[in-house]
Amino acid sequence: MVISFIMGLIETTASVNSILKNFFRISPGFCFADGLASLALLRQGMKDKTSHATFDWNVAGASICYLGVESICYFLLTLGLEVFPTCKLTPVTVKEWWRRISNLWVDTSLVEPLLKSSSETATDDEDIDVQSERNRVLSGSIGNAILYLRNLRKVYPGGKDHCTKVAVDSLTFSVQAGECFGFLGTNGAGKTTTLSMLCGEETPTEGTAFIFGKDISSNPKAARHHIGYCPQFDALLEHLTVQEHLELYARIKGVADYRINDVVKEKLVEFDLLKHADKPSYTLSGGNKRKLSVAIAMIGDPPIVILDEPSTGMDPIAKRFMWEVISRLSTRQGKTAVILTTHSMNEAQALCTRIGIMVGGRLRCIGSPQHLKTRFGNHLELEIKPTEVSSVDMDNLCRVIRERLFDLPSHPRSLLDDLEVCIGGIDSIIPVEASIAEISMSREMIISVGCWLGNEERVKTLTSSRPLSDGHFGEQLAEQLMRDGGIPLQVFSEWWLAREKFSAIDSFISSSFPGTTFHGFNGLSVKYQLPYREGLSLAAIFGRIEGNRNKLGIAEYSISQSTLETIFNHFAANP
Ligand SMILES: Nc1ncnc2c1ncn2[C@@H]1O[C@H](COP(=O)(O)OP(=O)(O)OP(=O)(O)O)[C@@H](O)[C@H]1O
């Protein structure tokens, strides 16, 4: 504006300026300032008052005209952007527009029967349940589903490497009222993208979803009207208090004025936020922010509630609280459909009536938790916790090792000789009269003891330069050995005996139940997967283990059907 003003005052640039002004006036701010400046010039007598009037084109006329036209154009543009959020210009959306425009000239209903797309998009390796859900939705037999997705696809345009990313591929399923649909998947599987499309934050590249029969692509507002959404990351206004947030969203969602106070109070109580009601949201802890986000999603009783990892950061009590609310909302009242994404299998198991597992943008399986367990859980899970190493056994082993280390006459040429060779004399490390508690086992001593006790492989977990995790606190011992140059004899003996126990259990399980696979330690117990096979009844497994329980030193054990977690891990490991 300043440059234009100065150019207008200089005679040689005045004509160029009057041409440039036509472009500058596209900015309403420029029009306004230019109009005022021209009026000021006229008033100061810098424009000829006899030949110029206030509303002349070169005084305020041009600015007023431009502002008039622009107010209409910009208003329509704003409306357009609001109504058609597809206006995010990307190569993919432009291509999509072109496809839609060209489809206008062709009656697609004649060439694309509904089920054709199902066979086109379903791949040969698609799970049978996923396929039948797809066929059911595409053939229109959706029962009383209030939300269904039809071949929903999202492709993100490529970044610098120009590789496009298929985030969601041909997703088809339906959700009924009163259902809590668990949308599980690995990181980057496409869950959030799907939910964002349902909520209108993202535009589908292909396919669409229907909410109460309204297409989210052509009628996003009407569709969105029925949704309460708790995004993955809290979208809170820092300086609004908890109560103000709830009041704001209650108004946005059209709760009647006279009910707002009750509705807000109800949510504050329901989510245990009463004591934080007057705190600005930036002062809340992560878990309480999450509670507020979930409360916002549920305010106004929307018939569809979409919760993207709602329990992240909540403590176990708050989590139970929220589970109670969700389950009351969906299954008990039977009116609301809940779509829930979570990485907690316990949460999915506790809440979801149906579960879909996504991997790499595709739905890999769908069904009730029990159905998934029965179909994909082709094994039983056996968890065994051995008894603790007894202090008597530990003392005995310590004594034997110490005697072996110092009893030169009875073992004239064995361990001590080896040790002397290895460490160049033991006197500096172990006094001859050392008590058990004082003996520190060096790396070389551990190797020799392992050799003498007949299991060199086992001690490698401690002595290897890259310690292997064996789950029996071996990793910590290996670290200690590396750091301090030795570990106490008692600690070594405890570790050795614990390994003995686990080895005995391991060989018993492998020989008694062929085909069993080891499924990890959690420090205290060991897990196995037993394959289902003819004649292997629960009674037979219990009988076998009970018969050997005391001999093997088993403190407790459990046999269970495959958990959701193992099924999820199976899909995650086979993308
Ligand atoms: N705006 C974007 N541009 C490009 N790629 C994106 C964009 N948003 C997501 N993606 C990609 O799409 C894929 C799906 O992402 P999405 O966030 O939907 O996964 P998710 O299943 O929700 O994962 P998480 O469990 O980690 O939240 C990912 O590979 C991600 O990198």
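Under an unreviewed UniProt entry, the name given to the chain is ABC transporter domain-containing protein, and the source organism is Rubroshorea leprosula. Listed in UniProt under the heading Sequence similarities (unreviewed entry), the comment for the chain reads: "Belongs to the ABC transporter superfamily. ABCA family. CPR flippase (TC 3.A.1.211) subfamily."

Enquirer: So, helix H11 (residues 242-252): which residues are in play, and what are the values?
Expert: Restricting attention to buried positions, one finds in H11 the residues Val 242, His 245, Leu 246 and Ala 250. Along H11, the residues classed as buried sweep out an arc of 130° about the axis, all on the same side. Of the exposed residues in H11, the ones pointing more than 90 degrees away from its buried face are Arg 251 and Ile 252. Turning to H11, the residues buried within the fold contact helix H12 (257-270) and helix H13 (286-298). Directly after H11, the chain includes Gly 254, whose backbone phi takes a positive value near 80°.

Enquirer: Outline empty space enclosed by the protein, supporting the account with residue identities and numerical values.
Expert: In the structure shown here, the tally under the stated rule is two cavities of 30 Å³ or more. Taken as a whole, the second largest cavity spans an internal volume of roughly 40 Å³. The wall of the second largest cavity is formed by Glu 126, Val 130, Arg 134, Asp 169, Ser 170, Thr 172, Arg 362 and Leu 363. Those elements giving two or more residues to the lining of the second largest cavity turn out to be helix H8 (128-138), strand E2 (165-176) and strand E10 (362-367). Per-element accounting of the lining of the second largest cavity gives the leading share, three residues, to E2. Split by residue class, the lining of the second largest cavity holds two nonpolar, two polar and four charged.

Enquirer: Before we move on, can you summarise the nonpolar core with the specific residues and values?
Expert: Ranked by internal contacts, the top residues of the largest apolar core, which has 48 residues, are Leu 246, Met 298, Leu 307, Ile 326 and Ile 357. Dropping the residues within four chain positions of it, Met 298 is found in contact with Lys 253, Lys 267, Phe 271, Val 305, Leu 307, Val 325, Ile 326 and Leu 329. Formed by 30 residues, the second largest nonpolar core is a distinct cluster that contains Phe 183, Ala 189, Cys 199 and Met 358.

Enquirer: An account of the environment of Val 338 is requested, with residue identities and associated values reported.
Expert: Locating Val 338 in the fold gives a position in strand E8 (residues 337-341). Classification of Val 338 as buried rests on a relative accessible area of 0%. Not counting residues within four places of it along the chain, the set of residues in contact with Val 338 comprises Glu 179, Cys 180, Phe 181, Val 305, Leu 307, Ile 326, Leu 329 and Ser 330.

Enquirer: Which residues make up the packing of aromatic side chains, and what values do they have?
Expert: Applying the stated criterion across every chain, the model contains twelve aromatic pairs. Ring geometry for Phe 173 versus Phe 181: centroids 4.6 Å apart, planes at 10°, classification stacked. Judged on exposure class, the residue Phe 173 and its partner Phe 181 are both buried. Here the aromatic cluster, defined as three or more aromatic residues joined through ring pairs, consists of Phe 173, Phe 181 and Phe 183.

Enquirer: Report on the layout of surface pockets, specifying residues and quantitative values.
Expert: Of the pockets and cavities examined, the second largest pocket occupies roughly 640 Å³. Among the secondary structure elements, those contributing two or more residues to the lining of the second largest pocket are helix H10 (220-224), strand E6 (227-230), H11 and H13. Per-element tally for the lining of the second largest pocket: the top contributor is E6, with four residues. For the lining of the second largest pocket, the per-class residue count stands at 14 nonpolar, five polar and five charged.

Enquirer: Just give me the short version of the packing of helix H16 (residues 369-376) against helix H24 (residues 564-573), but keep the residues and values in it.
Expert: Across the interface, H16 lies against H24 with an axial gap of 10 Å and an inter-helix angle of 60°. Judged by the sense of rotation from one axis to the other, the crossing of H16 with H24 is left-handed. For the pair formed by H16 and H24, the contact residues are Leu 372, Lys 373 and Phe 376 on the first element and Leu 564, Ile 567 and Phe 571 on the second.

Conventions and cut-offs
- For every chain, the first residue of the written sequence is number 1, and numbering continues from 1 onward in sequence order.
- Local features in this predicted model are restricted to residues of pLDDT 70 or higher, and side-chain atom pairs are both shown and tallied only at a pLDDT of 80 or more, whereas totals for entire chains, interfaces and linings draw on every residue.
- No hydrogens and no water enter the side-chain calculation; it runs on all heavy atoms of the structure.
- UniProt positions are given in the numbering used here, feature names are shortened, and annotations may be inferred rather than shown by experiment.
- Each residue gets one of three labels from its accessible area relative to the maximum for its type: buried under 20%, exposed over 50%, partly exposed in between, using a 1.4 Å probe on protein chains only.
- Note on conventions: DSSP H or I runs of at least 4 residues are helices, E runs of at least 2 residues are strands, and numbering of each starts at the N terminus.
- Taking the helix axis as origin, the arc is that swept by the directions to the C-beta atoms.
- The contact criterion used throughout is that any non-hydrogen atoms of two residues lie within 4.5 Å.
- The method works on a 1 Å grid over the protein atoms by themselves. A cavity is a set of points holding a 1.4 Å probe that cannot get out, a pocket is an open set with protein on both sides within 12 Å along at least five of seven lines, and residues with an atom within 4 Å of a point line them.
- Grid points are joined across faces, edges and corners, and a volume is the space filled by probe spheres set on the points.
- All residues other than Ala, Val, Leu, Ile, Met, Phe, Trp, Tyr, Cys, Pro, Asp, Glu, Lys and Arg, Gly among them, are scored as polar; the first ten of these are nonpolar and the last four charged.
- Nonpolar cores are built from buried Ala, Val, Leu, Ile, Met, Phe, Trp, Tyr and Cys residues. Side-chain atoms within 4.5 Å join them into one set.
- Within 6.5 Å between ring centres, the rings of Phe, Tyr and Trp (the latter by its six-membered ring) count as paired, and their orientation is classed by plane angle as stacked under 30 degrees, edge-to-face over 60, tilted in between.
- Simply put, an axis is a line fit to the C-alpha atoms, just over the touching stretch for a helix, and the angle between two N-to-C directions goes from 0 to 180 degrees.
- We call a crossing left-handed when the near helix sits turned anticlockwise from the far one by less than a right angle, and right-handed when that turn is clockwise.

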